[in-house]
Amino acid sequence: MNRPIRLSPLDVLRLGLLGLRTRRTRAALSALGIAIGIATLVVVTGIPASSQRALMDELSALGTNMLRAQPQPDAEQKALLPEAADAMAARIGPVTSATAVANTHATVRRSDLADPNDSIGLSVLAARTDLLTTIGGTVRSGRFLDRATERFPTAVLGQRSAKRLGIDRVVPGREPLVTIGTHHFSVIGVLGPMPLTPDLESSVLVGWDAARDVLDFDGHPTVVYVKARESRIEAVRDVLPDTVNPELPGLVQVSRPSDALAAKRATEHTFSALFLGLAGVALLVGGIGVANTMFVSVLERRREIGLRRALGANRRQIRGQFLTESVMLSVLGGLSGTVLGAAGTAGYALSQSWPPVLPPLALGTGLAGAIVVGAVAGVYPALRASRLPPTEALSAV
């Protein structure tokens, strides 16, 4: 009685690789078809993801995560925000930064020879040193207020303020002077455009301590700017009035989230659905290619199958051989396709000045999907090969 031949998993792997090595051209073309499918999967998800990231960055620049709180402008009872209102707002969990400005009610002139009653439509605001970080502002010339300069009579001009005062740029050591109230202030900086806070472009910003000491500022903020995590921006808006003015929260006006936030969330949802659809189509095409390749391989190798069966190979070993070939083809194609797709995505994104984005889920799903689809697609051909009777396989022309 013949004892059945036992093959270890390593032997089955060798048999599967043998089929690929002996038919290198067919294996290369089959792997290329799979690689194209996986590369397509990576590209059709990576390029939209890069485009989405560029769009999200543009939308975020519109202030989707920023709120402003101030006293109700038309309230019969004028409510002052507490002096530490911005510090209180910063203690809200999802808030990442908070700052404040305050109207000093002082007038600014180009020199003390100008009419003291002519403020030329500019407001003088006391500002915290972290103002630009929170509102996303930039300095066009010179520098902004810091801990050293906020205590001294120094000022920073908004874009329109600088134009009206005739100051285009600031040269270190030759800072121009402006008159605020009855005091001279050195202009140490000029700000760039601030689309999120256009009202600050027509203002003159002075240090908080200098405003107290020189301009008799009372220390109460008039506007508190808050930056928070986008996912919790509505929750922050709900608690902000009670936080910045616990005694009279009803007299605090809080801006609503930017319309860009709603557009951003709708865009994210649309792109997510697009990614899933494209990935599914690419995997389906790759699976059909693997199944077709393996089915044709069974038809071409009927004599080999019959000979192996005649020499004692059982159905399980035949199934294992063809299934291993199918999976190895998918692994080779999946790795090649992932590399090609990543390179194509990065190249196209850079050509469009987008930040290259390679979704880890797409890369992992592409490779894992290729293996899974290859295994599933190889099941039927493997079963068909194992069911061929040796006599029928050997007699095939």
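For the structure, check the block above.
Keep in mind it's a predicted model, so treat the numbers as computed, not measured.

Structural notes on the overall build of the protein chain
1) Next: Scanning the protein chain for helices and strands turns up 12 helices and 11 strands.
2) Next: The buried share among the 397 residues of the protein chain stands at 44%.
3) Next: Considering only contacts within the protein chain whose residues lie at least 6 apart along the sequence, 81% involve residues at least 24 apart.
4) Next: As displayed, the protein chain offers around 20,100 Å² of accessible surface, 59% of which is attributable to carbon and sulfur atoms.

Points about the pattern of salt bridges
1) Next: One pass over the full model with this rule turns up 5 salt bridges.
2) Next: A salt bridge links Asp 86 to Arg 128; the shortest N-O distance between them is 3.0 Å. Of this pair, Asp 86 sits in helix α3 (residues 85-90) while Arg 128 sits in the loop between β4 (123-127) and α4 (131-135), and the two are 42 residues apart along the sequence.
3) Next: Looking at Asp 86, the relative accessible area reads 8%, which means it is buried.
4) Next: When the shortest N-O distance is used, the salt bridge between Glu 201 and Arg 160 registers 2.9 Å. Highlighted residues: Glu 201 in the loop between β8 (183-191) and β9 (203-207) and Arg 160 in helix α5 (residues 159-165), separated in sequence by 41 residues.
5) Next: A relative accessible area of 7% means that Glu 201 is categorised as buried.
6) Next: The exposure class assigned to Arg 160 is partly exposed, which follows from its relative accessible area of 34%.

Structural notes on the nonpolar core
1) Next: Counting 41 residues, the largest nonpolar core has Ile 180 and Leu 240 as its most contacted members.
2) Next: Setting aside residues up to four positions removed in sequence, Leu 240 forms contacts with Leu 67, Ala 69, Ala 89, Ile 92, Val 226 and Val 254.

A closer look at the side chain of Glu 150
1) Next: Mapped onto the elements, Glu 150 comes out in the loop between β5 (139-142) and β6 (154-157).
2) Next: Arg 151 provides the closest opposite charge to the buried, salt-bridge-free Glu 150, at an N-O distance of 6.2 Å.
3) Next: Discounting residues that sit within four places of it in the chain, Glu 150 has contacts with Thr 129, Gly 207, Trp 208, Asp 209 and Ala 210.

Analysis parameters
The residue numbering used here restarts from 1 in each chain and proceeds along that chain's sequence as written. Local features in this predicted model are restricted to residues of pLDDT 70 or higher, and side-chain atom pairs are both shown and tallied only at a pLDDT of 80 or more, whereas totals for entire chains, interfaces and linings draw on every residue. Just so you know, side-chain values use all the structure's heavy atoms and leave hydrogens and water out. Secondary structure elements are taken from DSSP: a helix is a run of H or I of four residues or more, a strand is a run of E of two residues or more, and numbering for both begins at the N terminus. Only protein chains enter the accessibility calculation, which uses a 1.4 Å probe; a residue is then buried when its area is under 20% of its type maximum, exposed when over 50%, and partly exposed in between. Whether two residues touch is decided by their heavy atoms; if any such pair falls within 4.5 Å, the residues are in contact. Values of accessible area rely on a 1.4 Å probe in the Shrake-Rupley scheme; residue burial ignores everything except the protein chains shown. We count a salt bridge whenever a side-chain nitrogen from Lys or Arg sits within 4 Å of a carboxyl oxygen from Asp or Glu. Definition of nonpolar core: a set of buried residues of the types Ala, Val, Leu, Ile, Met, Phe, Trp, Tyr and Cys, connected through side-chain atoms within 4.5 Å. For the purpose of charge, His is not counted, nor are the chain termini; Lys and Arg are scored as positive and Asp and Glu as negative.

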